[in-house]
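Reading the structure
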Amino acid sequence: MDTDVECQFSRRKLLQVAAGIISTTLLGAGSSRGSEVDERELKATRGRANLAGPDAPWTAVWAYDGTVPGLTLRVQQGRPVRITVENGLDEDTTVHWHGIRLPNAMDGVPGLTQPPIKPGESFIYEYTPPDAGTFWYHPHANSLVQLGRGLSGVLIVEEAQPVAIDRDLLWMLQDWRLSADWQIAPGFGSVMDAAMSGRVGNVVTVNGALPADQPVKAGERVRLRLANASLARIMALRFEGHRPIIVALDGQPCDPHEPEGGRLVLAPAMRIDVLLDMQGKPGKRYAVVDDFYDGLAYTLATLAYDIGPPLRAYPLDMPLALPRNPLPEPDLARAKRQEIVLQGGMMGGGAAWAINGISMTGDGHSAMMPQFTLERGATCLLTMRNETAWWHPMHIHGFSMLVLTRNGSPVPNRQWQDTVLLAPKDTIECAFVADNPGDWMLHCHVADHQMAGLMTVFRVT
Ligand code: C2O
Ligand code: CU
Ligand code: CU
(Lines give C-alpha, C1' and ligand atoms only; values in the text may rest on other atoms or scores of the structure.)
(Ligands and ions follow the chains in the order given, each with its own letter.)
Protein backbone atom coordinates (compact mmCIF):
# COMPACT_ATOMS: atom_id res chain seq x y z
CA MET A 1 0.00 0.00 0.00
CA ASP A 2 1.36 3.39 -0.96
CA THR A 3 0.97 5.42 2.20
CA ASP A 4 1.08 8.73 0.39
CA VAL A 5 -1.91 7.82 -1.65
CA GLU A 6 -3.64 6.57 1.46
CA CYS A 7 -3.06 9.88 3.28
CA GLN A 8 -4.20 11.94 0.37
CA PHE A 9 -7.21 9.81 -0.01
CA SER A 10 -8.34 10.07 3.58
CA ARG A 11 -7.75 13.82 3.56
CA ARG A 12 -9.92 14.12 0.48
CA LYS A 13 -12.48 11.90 2.08
CA LEU A 14 -12.62 14.05 5.20
CA LEU A 15 -13.32 17.06 3.04
CA GLN A 16 -16.08 15.22 1.26
CA VAL A 17 -17.64 14.12 4.51
CA ALA A 18 -17.47 17.67 5.77
CA ALA A 19 -19.19 18.89 2.64
CA GLY A 20 -21.78 16.14 2.85
CA ILE A 21 -21.28 15.08 -0.75
CA ILE A 22 -19.87 11.65 -0.20
CA SER A 23 -22.84 9.63 -1.37
CA THR A 24 -23.25 11.50 -4.64
CA THR A 25 -19.55 11.10 -5.36
CA LEU A 26 -19.87 7.39 -4.75
CA LEU A 27 -22.87 6.92 -6.96
CA GLY A 28 -21.10 8.78 -9.72
CA ALA A 29 -18.06 6.55 -9.49
CA GLY A 30 -20.02 3.34 -9.31
CA SER A 31 -22.19 3.89 -12.30
CA SER A 32 -19.53 4.86 -14.80
CA ARG A 33 -18.07 2.01 -16.83
CA GLY A 34 -14.67 1.60 -18.32
CA SER A 35 -11.22 0.73 -17.10
CA GLU A 36 -10.73 3.52 -14.60
CA VAL A 37 -10.78 2.54 -10.95
CA ASP A 38 -14.18 1.87 -9.45
CA GLU A 39 -14.14 3.59 -6.04
CA ARG A 40 -16.35 2.45 -3.20
CA GLU A 41 -16.62 2.93 0.52
CA LEU A 42 -17.82 0.79 3.36
CA LYS A 43 -18.13 1.60 7.00
CA ALA A 44 -18.41 -1.03 9.69
CA THR A 45 -20.65 0.44 12.32
CA ARG A 46 -23.29 -0.21 14.91
CA GLY A 47 -26.82 0.01 13.62
CA ARG A 48 -30.39 -1.18 14.02
CA ALA A 49 -32.12 -3.64 11.77
CA ASN A 50 -35.75 -4.18 11.26
CA LEU A 51 -35.65 -7.93 10.69
CA ALA A 52 -39.27 -8.78 11.44
CA GLY A 53 -41.03 -5.87 9.76
CA PRO A 54 -41.82 -2.29 10.73
CA ASP A 55 -44.08 -3.16 13.66
CA ALA A 56 -41.68 -5.54 15.38
CA PRO A 57 -38.87 -4.45 17.69
CA TRP A 58 -35.62 -3.37 16.06
CA THR A 59 -32.53 -5.48 16.54
CA ALA A 60 -29.24 -3.86 17.49
CA VAL A 61 -26.67 -5.05 14.96
CA TRP A 62 -23.18 -4.36 13.69
CA ALA A 63 -23.41 -3.76 9.98
CA TYR A 64 -21.75 -2.22 6.94
CA ASP A 65 -23.16 1.27 6.59
CA GLY A 66 -25.71 0.27 9.18
CA THR A 67 -27.74 -1.94 6.85
CA VAL A 68 -28.44 -5.66 7.03
CA PRO A 69 -27.15 -7.13 4.84
CA GLY A 70 -24.48 -4.65 3.76
CA LEU A 71 -24.84 -2.95 0.42
CA THR A 72 -24.58 -5.34 -2.50
CA LEU A 73 -21.45 -4.24 -4.32
CA ARG A 74 -21.70 -4.74 -8.08
CA VAL A 75 -18.38 -4.44 -9.82
CA GLN A 76 -17.06 -5.39 -13.24
CA GLN A 77 -14.90 -8.38 -14.10
CA GLY A 78 -11.40 -7.12 -14.95
CA ARG A 79 -12.00 -3.57 -13.76
CA PRO A 80 -9.89 -2.38 -10.80
CA VAL A 81 -11.77 -1.54 -7.62
CA ARG A 82 -10.63 0.51 -4.68
CA ILE A 83 -12.74 0.06 -1.59
CA THR A 84 -12.07 2.19 1.46
CA VAL A 85 -13.21 0.49 4.62
CA GLU A 86 -13.68 2.63 7.68
CA ASN A 87 -13.89 1.08 11.10
CA GLY A 88 -16.70 2.65 13.10
CA LEU A 89 -16.75 -0.16 15.66
CA ASP A 90 -15.15 -0.14 19.11
CA GLU A 91 -12.82 -2.98 18.18
CA ASP A 92 -10.40 -3.98 15.43
CA THR A 93 -11.79 -5.26 12.16
CA THR A 94 -10.78 -6.16 8.59
CA VAL A 95 -12.69 -7.11 5.46
CA HIS A 96 -12.16 -10.39 3.64
CA TRP A 97 -13.41 -10.60 0.03
CA HIS A 98 -14.53 -14.18 0.17
CA GLY A 99 -13.77 -16.16 -2.98
CA ILE A 100 -12.05 -13.38 -4.91
CA ARG A 101 -8.63 -14.30 -6.28
CA LEU A 102 -6.70 -11.22 -5.26
CA PRO A 103 -3.23 -10.14 -4.10
CA ASN A 104 -2.40 -11.59 -0.69
CA ALA A 105 -2.04 -8.14 0.91
CA MET A 106 -5.73 -7.47 0.09
CA ASP A 107 -7.07 -10.69 1.65
CA GLY A 108 -8.07 -9.10 4.94
CA VAL A 109 -6.62 -11.55 7.45
CA PRO A 110 -5.36 -9.59 10.46
CA GLY A 111 -1.76 -10.31 11.42
CA LEU A 112 -1.25 -12.56 8.42
CA THR A 113 -1.92 -10.27 5.44
CA GLN A 114 -2.47 -6.83 6.99
CA PRO A 115 -2.51 -5.04 10.33
CA PRO A 116 -6.04 -4.93 11.75
CA ILE A 117 -8.01 -1.74 11.11
CA LYS A 118 -8.20 0.04 14.45
CA PRO A 119 -11.37 1.82 15.57
CA GLY A 120 -11.66 5.14 13.75
CA GLU A 121 -9.13 4.13 11.09
CA SER A 122 -9.49 3.09 7.46
CA PHE A 123 -7.86 0.65 5.10
CA ILE A 124 -7.92 0.79 1.32
CA TYR A 125 -8.46 -2.50 -0.49
CA GLU A 126 -7.43 -2.49 -4.13
CA TYR A 127 -7.71 -5.36 -6.55
CA THR A 128 -9.01 -6.33 -9.96
CA PRO A 129 -11.52 -9.18 -9.79
CA PRO A 130 -10.48 -11.75 -12.40
CA ASP A 131 -13.64 -13.84 -12.11
CA ALA A 132 -17.26 -12.92 -12.68
CA GLY A 133 -19.74 -14.37 -10.22
CA THR A 134 -21.36 -14.22 -6.81
CA PHE A 135 -18.95 -13.50 -3.96
CA TRP A 136 -19.31 -11.89 -0.55
CA TYR A 137 -17.47 -9.87 2.02
CA HIS A 138 -17.22 -10.13 5.78
CA PRO A 139 -14.84 -9.30 8.65
CA HIS A 140 -11.94 -11.60 9.47
CA ALA A 141 -11.41 -10.21 12.97
CA ASN A 142 -13.41 -11.51 15.91
CA SER A 143 -15.29 -13.22 13.08
CA LEU A 144 -17.72 -15.20 15.16
CA VAL A 145 -19.08 -12.07 16.85
CA GLN A 146 -18.73 -9.59 13.99
CA LEU A 147 -20.31 -11.84 11.38
CA GLY A 148 -22.88 -13.09 13.90
CA ARG A 149 -23.95 -9.52 14.69
CA GLY A 150 -24.62 -8.81 11.03
CA LEU A 151 -21.46 -7.65 9.27
CA SER A 152 -21.61 -9.13 5.78
CA GLY A 153 -22.62 -8.25 2.26
CA VAL A 154 -22.64 -9.67 -1.23
CA LEU A 155 -20.10 -8.77 -3.90
CA ILE A 156 -21.32 -9.42 -7.41
CA VAL A 157 -18.75 -9.36 -10.17
CA GLU A 158 -20.61 -8.82 -13.41
CA GLU A 159 -19.71 -10.67 -16.57
CA ALA A 160 -18.05 -8.61 -19.28
CA GLN A 161 -20.97 -9.57 -21.58
CA PRO A 162 -24.46 -9.54 -20.11
CA VAL A 163 -26.04 -12.96 -19.59
CA ALA A 164 -29.29 -13.78 -21.41
CA ILE A 165 -31.80 -13.93 -18.59
CA ASP A 166 -34.95 -12.01 -17.78
CA ARG A 167 -34.06 -11.12 -14.20
CA ASP A 168 -31.12 -11.32 -11.81
CA LEU A 169 -32.26 -12.00 -8.25
CA LEU A 170 -30.25 -12.27 -5.06
CA TRP A 171 -31.17 -14.01 -1.84
CA MET A 172 -28.64 -13.20 0.83
CA LEU A 173 -29.34 -15.66 3.63
CA GLN A 174 -28.45 -14.94 7.24
CA ASP A 175 -29.13 -16.92 10.37
CA TRP A 176 -29.55 -15.16 13.70
CA ARG A 177 -29.75 -16.40 17.25
CA LEU A 178 -32.18 -13.96 18.82
CA SER A 179 -33.69 -13.78 22.27
CA ALA A 180 -37.39 -13.17 22.86
CA ASP A 181 -37.00 -9.39 22.61
CA TRP A 182 -35.50 -9.75 19.11
CA GLN A 183 -32.01 -8.85 20.33
CA ILE A 184 -28.95 -10.88 19.42
CA ALA A 185 -28.56 -13.53 22.07
CA PRO A 186 -25.36 -13.42 24.10
CA GLY A 187 -23.11 -16.43 24.55
CA PHE A 188 -20.94 -16.26 21.44
CA GLY A 189 -18.26 -18.94 21.55
CA SER A 190 -19.96 -21.22 24.09
CA VAL A 191 -18.21 -24.54 24.63
CA MET A 192 -21.31 -26.39 23.43
CA ASP A 193 -21.46 -24.49 20.13
CA ALA A 194 -17.73 -24.76 19.64
CA ALA A 195 -17.65 -28.51 20.22
CA MET A 196 -20.74 -29.35 18.19
CA SER A 197 -22.46 -27.75 15.18
CA GLY A 198 -21.52 -24.13 15.92
CA ARG A 199 -23.88 -21.26 16.69
CA VAL A 200 -26.93 -22.25 14.69
CA GLY A 201 -29.61 -19.59 15.14
CA ASN A 202 -33.39 -19.48 15.38
CA VAL A 203 -34.30 -16.83 12.78
CA VAL A 204 -33.33 -16.90 9.12
CA THR A 205 -33.57 -13.76 7.02
CA VAL A 206 -33.58 -13.32 3.27
CA ASN A 207 -32.02 -10.00 2.24
CA GLY A 208 -32.38 -8.83 5.83
CA ALA A 209 -36.07 -9.63 6.30
CA LEU A 210 -38.16 -12.54 7.49
CA PRO A 211 -39.16 -15.03 4.78
CA ALA A 212 -41.71 -13.42 2.48
CA ASP A 213 -43.10 -13.56 -1.02
CA GLN A 214 -40.83 -13.40 -4.01
CA PRO A 215 -42.95 -11.99 -6.83
CA VAL A 216 -42.35 -13.78 -10.14
CA LYS A 217 -43.95 -13.97 -13.57
CA ALA A 218 -44.91 -17.13 -15.39
CA GLY A 219 -42.50 -17.94 -18.17
CA GLU A 220 -39.63 -15.76 -17.05
CA ARG A 221 -36.10 -17.04 -16.74
CA VAL A 222 -34.44 -15.92 -13.54
CA ARG A 223 -30.88 -16.16 -12.40
CA LEU A 224 -31.17 -16.58 -8.67
CA ARG A 225 -28.02 -15.99 -6.67
CA LEU A 226 -28.05 -17.68 -3.29
CA ALA A 227 -25.47 -16.79 -0.66
CA ASN A 228 -25.36 -18.35 2.80
CA ALA A 229 -23.80 -15.85 5.20
CA SER A 230 -24.73 -17.84 8.31
CA LEU A 231 -22.27 -18.60 11.07
CA ALA A 232 -23.18 -22.26 11.18
CA ARG A 233 -26.54 -23.10 9.60
CA ILE A 234 -26.42 -25.47 6.65
CA MET A 235 -29.40 -25.20 4.30
CA ALA A 236 -30.95 -27.59 1.80
CA LEU A 237 -33.46 -25.82 -0.43
CA ARG A 238 -36.29 -27.49 -2.29
CA PHE A 239 -38.28 -25.47 -4.79
CA GLU A 240 -41.82 -26.80 -4.83
CA GLY A 241 -43.02 -27.26 -8.42
CA HIS A 242 -39.74 -26.04 -9.94
CA ARG A 243 -36.50 -27.49 -11.24
CA PRO A 244 -33.59 -25.19 -10.48
CA ILE A 245 -30.48 -25.73 -12.59
CA ILE A 246 -27.15 -25.04 -10.94
CA VAL A 247 -25.06 -22.84 -13.22
CA ALA A 248 -22.37 -21.67 -10.79
CA LEU A 249 -20.94 -22.69 -7.43
CA ASP A 250 -19.08 -20.22 -5.25
CA GLY A 251 -19.15 -17.77 -8.13
CA GLN A 252 -17.50 -20.15 -10.58
CA PRO A 253 -19.59 -21.39 -13.53
CA CYS A 254 -19.98 -25.16 -13.76
CA ASP A 255 -21.68 -27.36 -16.34
CA PRO A 256 -25.40 -26.69 -15.82
CA HIS A 257 -26.98 -29.52 -13.84
CA GLU A 258 -29.86 -30.34 -11.55
CA PRO A 259 -28.97 -30.74 -7.88
CA GLU A 260 -28.84 -34.24 -6.44
CA GLY A 261 -32.26 -35.19 -5.12
CA GLY A 262 -33.56 -31.78 -6.19
CA ARG A 263 -32.10 -30.10 -3.09
CA LEU A 264 -29.61 -27.24 -3.17
CA VAL A 265 -27.22 -27.79 -0.28
CA LEU A 266 -25.78 -24.51 0.85
CA ALA A 267 -23.37 -24.56 3.77
CA PRO A 268 -22.08 -21.41 5.48
CA ALA A 269 -20.11 -19.20 3.05
CA MET A 270 -21.27 -21.11 -0.04
CA ARG A 271 -22.95 -19.49 -2.99
CA ILE A 272 -25.02 -21.17 -5.67
CA ASP A 273 -26.34 -19.50 -8.79
CA VAL A 274 -29.35 -21.26 -10.24
CA LEU A 275 -31.30 -20.77 -13.36
CA LEU A 276 -35.02 -20.92 -12.64
CA ASP A 277 -37.53 -21.16 -15.44
CA MET A 278 -40.79 -20.01 -13.92
CA GLN A 279 -43.00 -22.90 -14.96
CA GLY A 280 -45.69 -22.35 -12.37
CA LYS A 281 -49.22 -21.15 -13.02
CA PRO A 282 -50.17 -17.47 -12.97
CA GLY A 283 -51.66 -16.50 -9.61
CA LYS A 284 -50.29 -19.58 -7.80
CA ARG A 285 -47.85 -19.81 -4.90
CA TYR A 286 -44.98 -22.26 -4.45
CA ALA A 287 -42.93 -22.71 -1.29
CA VAL A 288 -39.17 -22.82 -1.11
CA VAL A 289 -38.42 -25.06 1.83
CA ASP A 290 -35.20 -25.56 3.77
CA ASP A 291 -35.24 -29.07 5.21
CA PHE A 292 -31.58 -29.71 5.98
CA TYR A 293 -32.09 -30.50 9.68
CA ASP A 294 -34.39 -33.43 10.39
CA GLY A 295 -37.75 -32.33 11.70
CA LEU A 296 -36.92 -28.63 11.41
CA ALA A 297 -38.15 -27.80 7.91
CA TYR A 298 -39.43 -24.28 7.38
CA THR A 299 -40.49 -22.15 4.43
CA LEU A 300 -37.67 -19.85 3.40
CA ALA A 301 -39.60 -17.95 0.76
CA THR A 302 -42.66 -18.27 -1.44
CA LEU A 303 -42.63 -17.83 -5.19
CA ALA A 304 -45.75 -15.77 -5.73
CA TYR A 305 -46.87 -15.74 -9.36
CA ASP A 306 -48.34 -12.68 -10.91
CA ILE A 307 -51.84 -13.28 -12.31
CA GLY A 308 -50.82 -11.95 -15.72
CA PRO A 309 -50.32 -14.22 -18.74
CA PRO A 310 -46.96 -16.01 -19.16
CA LEU A 311 -44.05 -13.91 -20.38
CA ARG A 312 -43.44 -16.38 -23.20
CA ALA A 313 -45.64 -19.03 -24.74
CA TYR A 314 -43.07 -21.84 -24.60
CA PRO A 315 -40.42 -22.37 -21.97
CA LEU A 316 -36.88 -21.72 -23.18
CA ASP A 317 -35.37 -25.10 -23.92
CA MET A 318 -31.65 -24.45 -23.74
CA PRO A 319 -30.03 -24.58 -20.36
CA LEU A 320 -27.84 -21.54 -20.13
CA ALA A 321 -24.17 -22.12 -19.42
CA LEU A 322 -22.37 -19.10 -18.00
CA PRO A 323 -19.04 -18.14 -19.58
CA ARG A 324 -16.17 -19.84 -17.76
CA ASN A 325 -13.75 -17.77 -15.70
CA PRO A 326 -10.01 -17.72 -16.49
CA LEU A 327 -8.95 -20.31 -13.90
CA PRO A 328 -5.59 -22.00 -14.41
CA GLU A 329 -5.97 -25.68 -15.30
CA PRO A 330 -4.43 -28.11 -12.76
CA ASP A 331 -1.70 -30.39 -14.10
CA LEU A 332 -2.67 -33.56 -12.28
CA ALA A 333 0.18 -35.66 -13.66
CA ARG A 334 2.72 -33.47 -11.91
CA ALA A 335 0.72 -32.43 -8.88
CA LYS A 336 2.08 -32.06 -5.40
CA ARG A 337 -0.06 -34.12 -3.04
CA GLN A 338 -1.08 -32.72 0.28
CA GLU A 339 -3.42 -34.23 2.83
CA ILE A 340 -5.45 -32.34 5.41
CA VAL A 341 -7.09 -34.34 8.17
CA LEU A 342 -9.89 -32.74 10.14
CA GLN A 343 -9.96 -33.85 13.75
CA GLY A 344 -11.73 -33.19 17.03
CA GLY A 345 -15.14 -32.11 18.23
CA MET A 346 -17.29 -33.55 20.95
CA MET A 347 -17.08 -37.10 19.66
CA GLY A 348 -13.34 -36.95 19.23
CA GLY A 349 -12.47 -36.92 22.91
CA GLY A 350 -12.45 -33.18 23.47
CA ALA A 351 -13.81 -29.80 22.51
CA ALA A 352 -10.83 -28.69 20.45
CA TRP A 353 -10.52 -28.97 16.70
CA ALA A 354 -7.35 -29.57 14.77
CA ILE A 355 -5.96 -30.01 11.28
CA ASN A 356 -3.22 -32.63 11.02
CA GLY A 357 -2.85 -32.54 14.80
CA ILE A 358 -2.39 -28.77 15.03
CA SER A 359 -5.01 -26.43 16.49
CA MET A 360 -4.69 -22.97 15.00
CA THR A 361 -7.24 -20.78 16.77
CA GLY A 362 -8.73 -17.31 16.30
CA ASP A 363 -9.05 -15.46 13.00
CA GLY A 364 -5.54 -14.53 12.07
CA HIS A 365 -2.40 -13.39 13.85
CA SER A 366 1.25 -13.04 13.05
CA ALA A 367 2.40 -16.29 14.63
CA MET A 368 0.66 -18.59 12.16
CA MET A 369 3.33 -20.78 10.63
CA PRO A 370 2.40 -22.36 7.32
CA GLN A 371 1.70 -26.06 7.55
CA PHE A 372 2.80 -26.71 3.98
CA THR A 373 4.49 -24.82 1.18
CA LEU A 374 3.80 -24.88 -2.55
CA GLU A 375 6.03 -23.64 -5.27
CA ARG A 376 4.47 -20.93 -7.34
CA GLY A 377 2.80 -22.42 -10.41
CA ALA A 378 2.68 -25.96 -9.01
CA THR A 379 -0.56 -27.92 -9.00
CA CYS A 380 -1.67 -28.96 -5.54
CA LEU A 381 -3.74 -32.11 -5.28
CA LEU A 382 -5.38 -31.58 -1.93
CA THR A 383 -7.09 -34.40 -0.07
CA MET A 384 -9.33 -33.37 2.79
CA ARG A 385 -10.32 -36.15 5.13
CA ASN A 386 -12.97 -35.55 7.78
CA GLU A 387 -12.30 -37.84 10.72
CA THR A 388 -14.90 -36.07 12.84
CA ALA A 389 -18.59 -36.74 13.35
CA TRP A 390 -19.56 -33.22 12.21
CA TRP A 391 -20.10 -31.28 9.00
CA HIS A 392 -17.44 -28.82 7.87
CA PRO A 393 -17.58 -26.34 4.99
CA MET A 394 -13.83 -26.06 4.29
CA HIS A 395 -12.81 -22.77 2.75
CA ILE A 396 -9.61 -21.86 0.94
CA HIS A 397 -8.48 -18.25 0.62
CA GLY A 398 -7.07 -16.88 -2.61
CA PHE A 399 -7.93 -19.84 -4.85
CA SER A 400 -10.79 -21.84 -6.31
CA MET A 401 -10.40 -25.59 -6.25
CA LEU A 402 -11.59 -28.04 -8.86
CA VAL A 403 -13.42 -30.72 -6.92
CA LEU A 404 -12.30 -34.08 -8.31
CA THR A 405 -13.73 -36.83 -6.12
CA ARG A 406 -15.95 -37.36 -3.12
CA ASN A 407 -15.39 -40.62 -1.22
CA GLY A 408 -13.67 -42.06 -4.27
CA SER A 409 -16.41 -41.23 -6.81
CA PRO A 410 -15.68 -38.62 -9.46
CA VAL A 411 -17.49 -35.31 -9.03
CA PRO A 412 -19.09 -34.38 -12.38
CA ASN A 413 -19.87 -31.01 -13.99
CA ARG A 414 -16.47 -29.41 -13.46
CA GLN A 415 -17.22 -27.78 -10.17
CA TRP A 416 -14.79 -25.17 -8.89
CA GLN A 417 -15.39 -24.14 -5.32
CA ASP A 418 -13.75 -22.07 -2.61
CA THR A 419 -15.88 -23.67 0.10
CA VAL A 420 -16.39 -27.43 0.01
CA LEU A 421 -18.79 -29.10 2.42
CA LEU A 422 -17.55 -32.30 4.03
CA ALA A 423 -20.13 -34.55 5.65
CA PRO A 424 -18.97 -36.59 8.66
CA LYS A 425 -16.23 -39.02 7.56
CA ASP A 426 -16.13 -37.67 4.00
CA THR A 427 -12.95 -37.59 1.96
CA ILE A 428 -12.68 -35.07 -0.83
CA GLU A 429 -9.97 -34.59 -3.42
CA CYS A 430 -9.53 -31.26 -5.14
CA ALA A 431 -6.88 -29.51 -7.18
CA PHE A 432 -5.72 -25.99 -7.80
CA VAL A 433 -2.77 -24.21 -9.32
CA ALA A 434 -0.75 -22.32 -6.73
CA ASP A 435 -0.29 -19.27 -8.94
CA ASN A 436 -0.74 -16.63 -6.26
CA PRO A 437 2.13 -16.07 -3.79
CA GLY A 438 1.58 -15.45 -0.10
CA ASP A 439 0.40 -17.05 3.12
CA TRP A 440 -3.18 -18.22 2.72
CA MET A 441 -5.75 -19.59 5.08
CA LEU A 442 -7.66 -22.80 4.83
CA HIS A 443 -10.35 -23.20 7.47
CA CYS A 444 -13.79 -24.44 8.33
CA HIS A 445 -16.33 -21.65 7.79
CA VAL A 446 -18.43 -22.65 10.77
CA ALA A 447 -17.10 -19.72 12.75
CA ASP A 448 -17.04 -21.59 16.07
CA HIS A 449 -14.97 -24.37 14.53
CA GLN A 450 -12.53 -21.97 12.95
CA MET A 451 -12.04 -20.06 16.20
CA ALA A 452 -11.51 -23.31 18.11
CA GLY A 453 -8.78 -24.71 15.87
CA LEU A 454 -10.14 -25.96 12.53
CA MET A 455 -7.82 -23.73 10.56
CA THR A 456 -4.45 -23.85 8.91
CA VAL A 457 -2.17 -21.73 6.77
CA PHE A 458 -0.19 -22.68 3.68
CA ARG A 459 2.44 -20.73 1.79
CA VAL A 460 2.91 -20.20 -1.91
CA THR A 461 6.45 -19.03 -2.60
CU1 C2O B 1 -15.09 -16.26 4.28
CU2 C2O B 1 -11.49 -16.98 5.97
O3 C2O B 1 -13.30 -16.59 5.18
CU1 CU C 1 -12.26 -16.46 2.06
CU1 CU D 1 -16.42 -27.18 10.92
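Residues numbered from 1 in each chain as written. Chains lettered and ligands numbered in written order. Predicted model: local features only at pLDDT ≥ 70, side-chain atom pairs only at ≥ 80, totals over all residues. Heavy atoms only, no water.

1. A look at the overall build of the chain
For the chain, the count of helices and strands is five helices and 31 strands. Relative to a compact globule of 461 residues, whose C-alpha radius of gyration would be 23 Å, the chain shows 21 Å and is just as compact. Taking the principal axes of its C-alpha atoms as reference, the chain extends roughly 60 × 60 × 50 Å. Put simply, of all contacts in the chain between residues at least 6 apart along the chain, 76% involve residues at least 24 apart. About 18,400 Å² of surface is accessible on the chain, with carbon and sulfur atoms providing 55% of the total. (Helix = DSSP H or I, 4+ residues; strand = E, 2+ residues; numbered from the N terminus. Rg over C-alpha atoms; globule rule 2.2 N^0.38 Å. Contact = heavy atoms within 4.5 Å. Areas by Shrake-Rupley, 256 points an atom, 1.4 Å probe, with all protein chains shown as cover.)

2. A short note on the domain arrangement of the chain
With domains assigned, the chain is organised as domain 1 (11-158), domain 2 (167-305) and domain 3 (332-460). A separation of 25 Å is found between the C-alpha centroids of domain 2 and domain 3. Each partner contributes to the interface: domain 2 provides 27 residues, whereas domain 3 provides 22 residues. The interface formed by domain 2 and domain 3 includes one salt bridge. (Domains from an automatic or database assignment. Salt bridge = Lys/Arg side-chain N within 4 Å of Asp/Glu carboxyl O.)

3. Here's the deal with the sheet that holds strand 15 (residues 252-257)
Strand order in the open sheet formed by six strands is 10-9-12-17-14-15, with mixed pairing between adjacent strands. Each edge of the open sheet carries a strand with a single partner, namely strand 10 (203-206) and strand 15. The mean inter-strand angle of the sheet, taken between neighbouring strand axes irrespective of direction, is 25°. The pairing of strand 9 (residues 167-176) with strand 10 spans four bridges and is antiparallel. (Pairing = 2+ DSSP bridges. Axes fitted to C-alpha atoms, helices over the stretch in contact; angles between N-to-C directions.)

4. Section: the coordination of the copper ion (ligand 3)
Protein-derived coordination of the copper ion (ligand 3) comes from His 392 (ND1), Cys 444 (SG) and His 449 (ND1), at a distance range of 2.0 to 2.1 Å. On the basis of relative accessibility, which here comes to 0%, the residue His 392 falls in the buried class. Among the residues examined, Cys 444 registers a relative accessible area of 0% and is labelled buried. (Donors = N, O, S within 2.8 Å, 3.2 Å for Na, K, Ca; no water. Buried < 20%, exposed > 50% of the residue type's maximum accessible area, 1.4 Å probe, protein only.)

5. Some details on the coordination of the copper ion (ligand 2)
For the copper ion (ligand 2), every protein donor is listed as His 96 (NE2) and His 395 (NE2), and the spread of their distances is 1.8 Å. Residue His 96 is located in strand 5 (residues 96-98), and its partner His 395 is located in strand 24 (residues 392-396); the two are separated by 299 residues in the primary sequence.

6. A look at unusual backbone geometry
The omega angle of the peptide bond from Val 68 to Pro 69 is -10°, so this bond is cis rather than trans. Looking at the secondary structure, you find Pro 69 in the loop between strand 2 (59-64) and strand 3 (70-76). With a phi angle near 45°, Asn 142 is a residue other than glycine that sits in the positive phi range. Inspection of the secondary structure assignment puts Asn 142 in the loop between strand 7 (133-138) and helix 3 (143-148). Take Asn 142: its relative accessible area is 28%, and that puts it in the partly exposed class. The residue Asp 250 is not glycine, and still its phi comes out positive at about 50°.

7. Quick look at the confidence of the model for the chain
Per-chain confidence: the chain averages 91 in pLDDT, with 91% of residues scoring 70 or above. Segment residues 1-32 is flagged for pLDDT under 50; beyond a separation of four residues in sequence, or across chains, it makes 31 contacts in the model. (pLDDT = per-residue confidence, 0-100.)

8. A closer look at the packing of aromatic side chains
Applying the stated criterion across every chain yields a total of 14 aromatic pairs. Look at Trp 97 and Tyr 127: their rings are 5.7 Å apart centre to centre, the planes differ by 50°, and that puts the pair in the tilted class. Note that Trp 97 is positioned in strand 5 and Tyr 127 in strand 6 (residues 122-127), a separation of 30 residues in sequence. Its relative accessible area of 0% is what places Trp 97 among the buried residues. (Phe/Tyr/Trp six-rings, centres within 6.5 Å; stacked < 30°, edge-to-face > 60°.)

9. Side note on the side chain of Thr 302
Turning to its location among the elements, Thr 302 is positioned in strand 19 (residues 298-305). Ignoring sequence-local partners within four residues, the contact set of Thr 302 consists of Ala 212, Asp 213, Gln 214, Arg 285, Tyr 286 and Ala 287.

10. A short note on the nonpolar core
Within the largest apolar cluster, 79 residues are counted, with the highest numbers of intra-cluster contacts made by Trp 97, Tyr 125, Tyr 127, Leu 155, Met 384, Phe 432 and Phe 458. The contacts of Phe 458, once residues within four sequence positions are left out, are Pro 370, Phe 372, Leu 374, Ile 396, Phe 399, Phe 432, Gly 438, Asp 439, Trp 440, Met 441 and Leu 442. If you look at the next biggest cluster of nonpolar residues, it comprises 34 residues, including Leu 169, Met 235, Val 274 and Phe 292. (Core = buried A, V, L, I, M, F, W, Y, C linked by side-chain atoms within 4.5 Å.)

11. Quick notes on the pairing of strand 24
Counting buried residues in strand 24 gives five out of five residues, a clear majority hidden from the surface. Going residue by residue along strand 24, you find His 392, Met 394 and Ile 396 tucked away on one face and Pro 393 and His 395 tucked away on the opposite face as well. As defined by bridge partners, strand 24 adjoins strand 28 (residues 419-422) across four bridges and the pair is classed as antiparallel. Along strand 28, the bridge assignment pairs Pro 393 with Leu 421. Both strand 24 and strand 30 (residues 438-444) contribute to a ladder of three bridges, which runs antiparallel. Its bridge partner being in strand 30, His 395 is matched across the sheet by His 443.

12. Focus on the pattern of salt bridges
The final tally for this structure, using the stated rule, is 33 salt bridges. Residues Lys 43 and Glu 86 are paired through a salt bridge, measuring 3.8 Å at the closest nitrogen-oxygen approach. Linking Lys 43 in strand 1 (residues 38-49) with Glu 86 in strand 4 (residues 81-87), this pair joins segments that are 43 residues apart in sequence. The partner of Arg 177 in a salt bridge is Asp 193, and the shortest N-O contact between them spans 3.1 Å. Taken together, the positions of Arg 177 in the loop between strand 9 and helix 4 (191-195) and Asp 193 in helix 4 put the pair 16 residues apart, joining distant regions of the chain. The network of salt bridges with common partners includes Arg 74, Glu 158, Glu 159, Asp 168, Arg 223, Arg 225 and Asp 273.

13. Points about the side chain of Gln 214
Turning to its location among the elements, Gln 214 is positioned in strand 11 (residues 213-216). In this structure Gln 214 touches Arg 167, Leu 169, Trp 171, Thr 302, Leu 303 and Ala 304, once residues within four positions along its chain are discounted.

14. Quick word on the sheet that holds strand 7
Pairing in this open sheet of four strands is mixed, and the strands run 3-8-7-5 from one edge to the other. Both outer strands of the open sheet, strand 3 and strand 5, are each paired with one neighbouring strand and no more. Here the average twist between neighbouring strands, direction ignored, is 25°. Bridge count between strand 7 and strand 8 (residues 153-158): five bridges; the pairing is antiparallel. Counterpart to Thr 134 in the pairing with strand 8 is Ile 156.

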